[in-house]
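Observations on the three-dimensional arrangement
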Amino acid sequence: MLESIDSGARITQENLEGFNTLKRYKKGNIRIIVVRSKENEPEKIIAIIPRKDLDDLLKVFKKKYD
Amino acid sequence: MIKFTNIVIKDIRLLNQIEDEFNGDVDVAVEFKDGYSYVISVSTPADLLEEMEIEKSNFVPPYSPRIIVKKLSKEIITEAIQAYAQNDGYWLKLCRFGDELDISVFNKLEAQHREEWGLLELEGLDRLFYYIQKYLKVPFDNRVLMEPMFFLILGSLIAYGLLKPELLDFFSNFTH
């Protein structure tokens, strides 16, 4: 996966439903959850997970992120 | 192990926002009556084409099956998921667990298919052996041994009969 990111392969990104600060990058079955950049800070990766675990993780993040 | 005899979907939740209804994908959480849920992926044809273009590939890379819809609207996604949930959720489960299936499942199906395919080529005694082994429930992998075993036993009996001709006297009892 990291090799494909380096080579500029397609990584789609969308906002996560129900969150103002989180968005999702997608590559195949892998989902990368990041906190949006604010002011001069870069985006911060908070999770790299298989798609199957996405729903459970978002339920946990609901308590932690806006 | 949980067995679903009837799939009852309680809720369908889109986990990411949709920017373009005709070109994109969405992760969908499908929640069942008992609270259990799993995530499947729903895409559009344009999304697949774009994926191939950007990846500079002539095919969509192999990973777990997904549902393809014309438009990423909640209504169409729900309609598609309901269709995939028919027959005890066979296709829905394939979308969720398709990339976790053990290869032995396919190998078994392939072996069965090879057996049926091979049957078309069989003639005469081979076909007879096939049916004998099938009804004896001999595992497919062991069936190749049956034919040489049969001839070995037959050959042994003939040899025994020739070496001990008095054995044949047994049959003469029936002639009187």
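It should be emphasised that the depicted structure is a prediction, and the values quoted were computed from it without experimental measurement. (Residues numbered from 1 in each chain as written. Chains lettered and ligands numbered in written order. Predicted model: local features only at pLDDT ≥ 70, side-chain atom pairs only at ≥ 80, totals over all residues.)

Of regular secondary structure, chain B possesses 7 helices and 4 strands. The order of helices and strands in chain B, counted from the N terminus, is β-β-β-α-β-α-α-α-α-α-α. Split into buried and exposed, the 176 residues of chain B put 16% on the buried side. Put simply, 44% of the contacts in chain B that link residues at least 6 apart link residues at least 24 apart. (Helix = DSSP H or I, 4+ residues; strand = E, 2+ residues; numbered from the N terminus. Buried ≥ 20, exposed ≤ 12 C-beta atoms within 10 Å, placed from the backbone. Contact = placed C-beta atoms within 7 Å.)

Moving on: the domain arrangement of chain B. We note that the domain assignment places domain 1 (9-100) and domain 2 (103-172) within chain B. Centre-to-centre separation of domain 1 of chain B and domain 2 of chain B, based on C-alpha positions: 49 Å. (Domains from an automatic or database assignment.)

This next bit is on the nonpolar core. Membership of the largest hydrophobic core comes to 25 residues, with the highest contact counts inside it found for B:Val28, B:Ile40 and B:Val42. The set of elements that each furnish at least two residues to this core consists of α2 (54-61) of chain A together with β2 (25-32), β3 (37-43), α2 (74-84) and α3 (86-97) of chain B. Dropping the residues within four chain positions of it, B:Val28 is found in contact with B:Ile12, B:Arg13, B:Leu14, B:Leu15, B:Val39, B:Ile40, B:Val42 and B:Ile77. (Core = buried A, V, L, I, M, F, W, Y, C linked by C-beta atoms within 7 Å.)

In many reports, interface size means the accessible area that the parts give up when they come together. Contact residues are listed per partner, giving 18 residues for chain B and 14 residues for chain A. Counting residues per element, the side of chain B that touches chain A draws most heavily on β3(B), which supplies 4 residues. Its residues assigned to classes, the side of chain B that touches chain A shows 8 nonpolar, 5 polar and 5 charged. (Nonpolar A, V, L, I, M, F, W, Y, C, P; charged D, E, K, R; others polar.)

What follows is about the pairing of strand β1 (residues 12-15) of chain A. In terms of strand pairing, β1(A) meets strand β2 (residues 22-27) of chain A through 4 bridges, oriented antiparallel. Each residue of the ladder has a partner; that of A:Asn15, found in β2(A), is A:Lys23. (Pairing = 2+ DSSP bridges.)

Before going further, it helps to spend a moment on the sheet that holds β2(A). Working definition: the strands of a sheet are paired by backbone hydrogen bonds and lie parallel or antiparallel to each other. Residue and element names in this part refer to chain A. Across the sheet, 4 strands lie side by side as β1-β2-β3-β4; this open sheet has antiparallel pairing. A single partner strand is all that each edge strand has here, and the edge strands are β1 and β4 (44-50). Adjacent strand axes in the sheet meet at a mean angle of 25° when their direction is disregarded. One ladder, built from 6 bridges, connects strand β3 (residues 30-35) with β4; its direction is antiparallel. (Axes fitted to C-alpha atoms, helices over the stretch in contact; angles between N-to-C directions.)

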